[in-house]
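Descriptive structure summary
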Amino acid sequence: MSTTVGASGSSTSSVPARGASHPDDGLARALAAIVGERRVLERPGELRAYESDGLPGYQQRPSLAVFPGTRDETIAVVRLFAERGVRYVPRGAGTGLSGGALADGVVLLGLHRLREIISIDPDNRRAVVEPGVVNFSLSRAAAPYGLYYAPDPSSQTACTIGGNVAENAGGPHCLKYGVTLNHVLAVTALLPSGEVVTLGNPHGEMEGYDLLGAFVGSEGCFGIALDVTVRLEPLPQAVCTLLADFPTVHGAAEAVSAIIASGIVPAALELMDAPTIQAVEASIYAAGYPTDAAAILLIEVDGPSAGLDEDAARVSRFCTEAGARAVRVATDAADRMRLWQGRKKAFGAMGRLASHLAVQDAVVPRTRLPDILATIERIGRRHGVRVCNVFHAGDGNLHPNVAYDGGNAEEAARVHDAMGEIMNACIAAGGTITGEHGIGLDKLPYMDRLFTPETLAAMCALRSVFDPEQRSNPGKVVPVHSCREWHGTPAARARPA
Amino acid sequence: MSTVAPPLDALAVAAAIRDANATRTSLRLVGGGTWLDAGRPVHAGATLDLSSLRGVVQYEPGDFTLTARAGTTLAEIAGVTGRAGQWLTLQPHGSLDGTIGATIATASWGPLASAYGTPRDHLLGCEVVTGSGETVRAGGRVVKNVAGFDLSRLMTGAWGTLGVITEVTVRLRARPEADRTFAVALEGPDERACDDAMRWLRATPYRPLAAELCSAAMSDRIGLERRTLLLVRLGGNEELVRSAERAVAELGTTAGVDAAVWDRLRESEPPGATVVRLGSLPTELGALWARVTRIVGARGGASHATLTRGVVRCILPAAPTSESIEELRGIMKELHARGSRIVERLPDALWADVPSTFSDPLSRDVYRTFDPNGVLNPGILGHSA
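Predicted, not measured: the structure shown is a model, and the values here were computed from it.

Comments concerning the overall build of chain A
A count of helices and strands for chain A gives 16 helices and 18 strands. Over its C-alpha trace chain A gives a radius of gyration of 23 Å, about what one expects of a compact globule, namely 23 Å for 497 residues. When the backbone C-alpha atoms are referred to their principal axes, chain A occupies close to 65 × 60 × 45 Å. For chain A, the residues scored as buried account for 60% of the 497 residues in total. Long-range pairs, those at least 24 residues apart, make up 74% of the contacts in chain A between residues at least 6 apart in sequence.

Laid out in structure tokens, this is it:
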């Protein structure tokens with residue numbers, strides 16, 4: 001099996017699989033009757049925009065695309081799929097970085113039109129939103145109440161809460177505040193059968209099996225969130241952002257370990273290496289990072305003003321002790337925003353370096369960071385590829401990315417090999433293959449290396465509970481070959497009439 | 001009820017479970033034995049004693065994660081992590097002789113959940129032998145991980161009905177530099193006291209590690225003055241805690257108390273007590289608190305509330321006679337809430353009145369998938385194979 005990078009998903013679109021879910025006029029007409037003709041796309045030209053997601057290098061064309069505008073339309077669409085046995089791929093804003101929203105000859109179900117913030121309850125610090133609500137617009141709507149939605153993927157100005165739930169999305173500030181899972185109180189889920197169920201408890205404690213926990217991060221394979229009840233956090237009283245400039249990557253990694261070991265939990269602790277800094281500074285997102293640094297750390301501490309200066313001073317000291325040439329504190333909100341903009345747009349800046357970008361998302365135990373960065377450097381050098389590291393250092397969540405020319409087969413093969421070795425090294429260090437991007441299509445080949453056949457079979461069995469026919473986001477997350485017969489798989493539940 | 005020879009590893013657990021399937025002998029899972037009177041009565045053919053699955057497997061303080069076999073006690077984990085200035089921020093109600101496996105399996109939590117969340121927020125991965133005898137290694141040992149479907153969350157709070165947890169990896173935190181506890185005397189009727197405390201918590205920039213409202217009876221039980229008290233635990237650097245302390249004092253007469261009150265609170269249940277948790281939206285907690293403390297107080301019980309989670313925990317004295325059980329049946333009818341009602345402990349005779357925790361088709365299918373013959377802790381969640 002090939003994949004990662006552009007190796008399998010070269011720049012030409014793959015041939016749609018012809019099979020049970022091949023589009024037929026009947027399906028398109030029936031969908032148009034639900035959502036209106038304008039909201040069903042069939043022509044290749046119209047579908048082109050949906051051939052890829054946030055991960056460059058893959059292109060797959062859906063058989064058709066449908067965009068319901070209301071909850072009721074969505075339910076009607078999914079029930080129609082259930083009646084006809086149609087396979088489909090749910091999609092939010094399509095910003096995902098693992099190819100999870102790609103539809104290879106099956107129907108694409110776009111949910112970005114479901115974008116109502118149903119309620120904000122400031123006293124109970126929660127909001128109920130439709131799945132197509134953009135992450136950042138929720139924080140903006142909550143701001144007048146002194147609240148915000150904490151998980152902040154770098155794509156937060158575009159990505160949707162529904163997509164965040166599907167991926168169990170993270171972001172820089174998840175170091176202190178936790179990932180999506182920790183912020184979702186309940187979901188009204190539309191199962192592939194067309195059943196509507198409530199997972200979690202929006203009014204009290206959850207009891208029984210944690211089906212909500214299973215649903216969050218299920219990458220669209222367990223169904224769709226029709227609405228999501230999330231916890232909102234109070235905006236911190238004070239924020240201090242520091243930029244530390246290191247002459248060696250190793251020094252920056254050592255500083256990360258020292259800060260974490262001290263017990264201070266920064267709101268965010270991000271590392272960017274020289275290739276990343278240079279890509280950012282050469283782009284329109286230039287943030288004023290020192291271009292001669294081997295690495296920088298972007299560190300934010302937040303909370304009550306009392307005691308914050310002391311934490312910031314200690315963080316600064318750890319950096320200096322680890323060899324930082326300079327540590328600068330953001331002077332005001334605009335300065336802070338600029339420093340963050342460079343970090344959040346780093347993937348975009350790298351994407352401009354070449355036609356393809358291999359994106360990895362491995363996680364290692366935090367004490368292994370200095371070692372693994374050295375290993376990554378060695379692997380890159382051996383294969384002659386330039387790895388850009390930009391990542392959530394505080395969590396040990398690495399993003400070793402490589403921009404390359406997908407049209408050059410020899411280069412693509414080198415990148416592919418280097419990435420495989422990097423993943424193996426991270427697994428060997430006690431880590432995992434994805435911290436926040438999901439498995440999707442891109443990380444599928446690594447699943448066998450990380451999990452035993454029994455574990456993969458158990459995952460398949462769990463999926464079968466939610467989607468006995470495996471019609472929702474088919475072929476993603478767990479390799480099909482590992483879905484052997486499971487002892488206890490129950491018969492498919494009857495679909496609602 | 002017979003006892004299966006104590007298994008020493010996951011392999012032996014798997015063998016025992018496969019035997020149980022072959023012979024259709026259901027198993028009662030026992031770790032430290034501190035939770036045996038919790039949950040519904042289990043009628044099993046044999047006992048699977050997991051207490052020998054013990055010991056810390058891996059602990060690298062700099063990673064802030066710990067991997068331990070499921071039968072490791074919370075006391076042992078506290079000892080090991082404490083030496084590195086760290087702690088497992090679960091500290092569930094009950095004794096420290098309880099095991100980490102049972103804590104995860106029952107999703108038990110305590111006052112620190114205010115700041116740090118519940119077991120689902122701490123569990124990074126686990127090894128589980130399912131009811132069909134398959135050994136599954138879910139999650140991992142790193143603090144962020146979205147690889148594959150989340151079997152770890154599924155095992156959290158499943159009370160062993162999907163699988164036997166044999167090993168867990170949990171997230172740890174650093175002990176704060178300063179960690180001080182204060183008791184605030186709240187004035188006025190119960191509802192107002194609770195509402196005042198909630199308002200303060202909403203308005204303050206400080207995030208206490210714990211904020212637990214104690215009924216007069218509970219305050220008395222943990223060695224404090226017999227009146228409604230708010231216990232606030234403040235953590236952080238010295239300057240932060242000093243500043244937070246001044247903010248707490250705005251709420252009422254405040255006195256520093258020894259951190260041992262938290263241990264006493266966690267172990268305040270007398271043997272045979274009935275324990276019920278009622279949940280509501282935080283804004284509705286005041287009314288719930290007032291109603292419940294009255295009912296519980298009048299029957300010689302005590303209550304406490306984890307304010308930010310909107311949960312009141314009611315502890316009623318043991319009901320040793322048939323009259324007292326009938327009386328308790330009546331009280332249980334009054335102990336309801338709009339948000340949630342979770343019964344931790346109850347005399348066997350009264351469980352029939354409590355609705356099953358899973359009547360929904362998804363939960364039933366999950367159960368049949370992972371324990372098709374119903375061999376693990378049958379009936380503990382009000383389910384049947």
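As for the overall build of chain B
When its secondary structure is counted, chain B shows 13 helices and 18 strands. A compact globule built from 385 residues would reach a C-alpha radius of gyration of about 21 Å, and chain B, at 21 Å, matches this within 12%. Counting only C-alpha atoms, chain B reaches 65 × 55 × 35 Å along its principal axes. Per-residue burial over chain B gives 55% buried out of 385 residues. Nonlocal contacts in chain B, meaning residues at least 24 apart in sequence, comprise 69% of its contacts between residues at least 6 apart.

Digging into unusual backbone geometry
All names here are of chain B. One non-glycine residue, Phe-64, adopts positive backbone phi at about 55 degrees. Along the chain, the position of Phe-64 falls in the loop between β4 (56–60) and β5 (65–69). Its identity is not glycine, yet Asn-377 carries a phi of approximately 40 degrees, on the positive side. Assignment of secondary structure puts Asn-377 in the segment after α13 (361–370).

Details of the packing of helix α8 (residues 249–262) of chain A against helix α10 (residues 308–321) of chain A
Residue and element names in this part refer to chain A. At a minimum axis separation of 8 Å, α8 and α10 run at an interaxial angle of 145 degrees. In this structure, α8 crosses over α10, and the sense of that crossing is right-handed. Across the interface between the two elements, Ala-255, Ala-258, Ile-259 and Ser-262 from α8 touch Arg-314, Val-315, Phe-318 and Cys-319 from α10. When its residues are assigned to classes, the contact of α8 with α10 shows 6 nonpolar, 1 polar and 1 charged.

A short note on the domain arrangement of chain A
All names here are of chain A. What the domain assignment lists for chain A is domain 1 (25–110), domain 2 (117–234), domain 3 (236–350) and domain 4 (354–450). Computed over C-alpha atoms only, the centres of domain 2 and domain 4 are separated by 28 Å. Here the side of domain 2 that touches domain 4 is composed, by residue class, of 5 nonpolar, 1 polar and 2 charged.

So, the interface of chain A and chain B
Across the contact, 69 residues belong to chain A and 68 residues belong to chain B. Among the secondary structure elements, those contributing two or more residues to the side of chain A that touches chain B are α7 (211–215), α8, α10, α15 (447–450) and α16 (453–466) of chain A. With 8 residues, the single largest contributor to the side of chain A that touches chain B is α16(A). Classifying every residue of the side of chain A that touches chain B gives 26 nonpolar, 30 polar and 13 charged.

A short note on helix α9 (residues 238–249) of chain B
Residues and elements named next belong to chain B. Taking 1.5 Å per residue, 12 residues should reach 16 Å; α9 reaches 17 Å between its end C-alpha atoms and fits that length. Taken as a whole, α9 has its buried residues at Leu-240, Ala-244 and Val-248. The buried residues of α9 all sit within an arc of 75 degrees when viewed along its axis, so they share a single face. Buried-residue contacts for α9 involve β11 (178–185), β13 (229–236) and β14 (253–257).

Examining the sheet that holds strand β4 (residues 107–110) of chain A
All names here are of chain A. The strand order across the open sheet built from 4 strands is β1-β2-β4-β3, with neighbouring strands paired in mixed fashion. The open sheet terminates on both sides in strands that have one partner only, identified here as β1 (40–41) and β3 (88–91). Looking at chain direction, strand β2 (residues 64–66) and β4 are connected through 3 bridges and run parallel. Bridge pairing in β4 links Leu-64 to Val-107.

Quick notes on the sheet that holds strand β17 (residues 388–392) of chain A
Residues and elements named next belong to chain A. Read across the sheet, 7 strands follow the order β15-β12-β14-β13-β17-β18-β16 without closing on themselves; strand pairing throughout is antiparallel. Both edges of this open sheet fall to β15 (326–329) and β16 (356–358), since each of them pairs with a single strand only. Across the sheet, the axes of successive neighbouring strands diverge by a mean angle of 20 degrees, strand direction being ignored. Pairing analysis gives 6 bridges linking strand β13 (residues 268–273) to strand β14 (residues 295–303), with the strands arranged antiparallel. Each bridged residue has a counterpart across the sheet, and for Leu-271 the counterpart in β14 is Leu-297. Those strands touched by helix α11 (residues 333–344) are β12 (238–246), β13 and β14, and its axis lies near 55 degrees from that of β12.

Overview of the domain arrangement of chain B
Interface size is commonly expressed as the accessible surface area that is lost when the partners come together. Residues and elements named next belong to chain B. If you check the domain split of chain B, you get domain 1 (2–174) and domain 2 (180–349). Measuring from the centre of the C-alpha atoms in domain 1 to the corresponding centre in domain 2 gives 27 Å. In this complex, domain 1 contributes 13 residues to the contact, which on the side of domain 2 involves 16 residues. The residue makeup of the side of domain 1 that touches domain 2, split by class, is 6 nonpolar, 6 polar and 1 charged.

With respect to the nonpolar core
Nonpolar side chains tend to gather and get buried jointly when the protein is soluble and globular. Residues and elements named next belong to chain A. Counting 280 residues, the largest nonpolar core has Ala-244, Val-256, Ile-296 and Leu-297 as the members making the most contacts within it. Ranked by residue count, the leading element in this core is α16, at 9 residues. Those residues in contact with Ile-296 that sit more than four places away from it in its chain are Leu-243, Ala-244, Asp-245, Phe-246, Met-272, Ile-277, Tyr-289 and Pro-290.

A look at the pairing of strand β6 (residues 126–129) of chain A
Residues and elements named next belong to chain A. As judged from the 4 bridges shared by strand β5 (residues 117–121) and β6, these two strands associate in the antiparallel manner. Residue pairing across strands places Ser-119 opposite Val-128, the latter belonging to β6. Counted along the chain from β5 to the antiparallel partner β6, the turn is 4 residues long, and its residue Arg-125 has a positive phi close to 50 degrees. Pairing of β6 with strand β10 (residues 224–231) involves 4 bridges; the strand directions are antiparallel. When the sheet's bridge partners are listed, Ala-127 is paired in β10 with Val-230.

As for the environment of Ala362(A)
All names here are of chain A. Following the sequence through the fold, Ala-362 ends up in the loop between β16 and α13 (369–383). A count of 29 C-beta atoms within 10 Å places Ala-362 in the buried class. Those residues in contact with Ala-362, other than ones at most four positions away along the chain, are Leu-398, Met-423, Cys-426, Gly-431, Thr-432 and Ile-433.

What to know about the environment of His481(A)
Within the element layout of this structure, His481(A) appears in the segment after α16. The sequence separation of His481(A) and Ile117(A) amounts to 364 residues, and the corresponding C-alpha distance is 40 Å.

What about the confidence of the model for chain B?
Looking at chain B, the pLDDT average stands at 95 and 99% of residues meet or exceed 70. Under the prediction, the complex receives an ipTM of 0.97, its pTM being 0.94.

Structural notes on the confidence of the model for chain A
Residues and elements named next belong to chain A. Averaged over every residue, the pLDDT of chain A is 92; the share at 70 or more is 92%. Counting interchain partners and residues more than four positions distant, the pLDDT-below-50 stretch residues 1–23 has 58 contacts. Segment residues 491–497: pLDDT under 50, and 10 contacts once partners within four positions in sequence are set aside and those in other chains are kept.

Conventions and cut-offs
Residues numbered from 1 in each chain as written. Chains lettered and ligands numbered in written order. Predicted model: local features only at pLDDT ≥ 70, side-chain atom pairs only at ≥ 80, totals over all residues. Helix = DSSP H or I, 4+ residues; strand = E, 2+ residues; numbered from the N terminus. Rg over C-alpha atoms; globule rule 2.2 N^0.38 Å. Buried ≥ 20, exposed ≤ 12 C-beta atoms within 10 Å, placed from the backbone. Contact = placed C-beta atoms within 7 Å. Axes fitted to C-alpha atoms, helices over the stretch in contact; angles between N-to-C directions. Left-handed = near helix turned anticlockwise from the far one by under 90°. Nonpolar A, V, L, I, M, F, W, Y, C, P; charged D, E, K, R; others polar. Domains from an automatic or database assignment. Expected span 1.5 Å × (residues − 1). Arc of directions from axis to C-beta. Pairing = 2+ DSSP bridges. Core = buried A, V, L, I, M, F, W, Y, C linked by C-beta atoms within 7 Å. pLDDT = per-residue confidence, 0-100.

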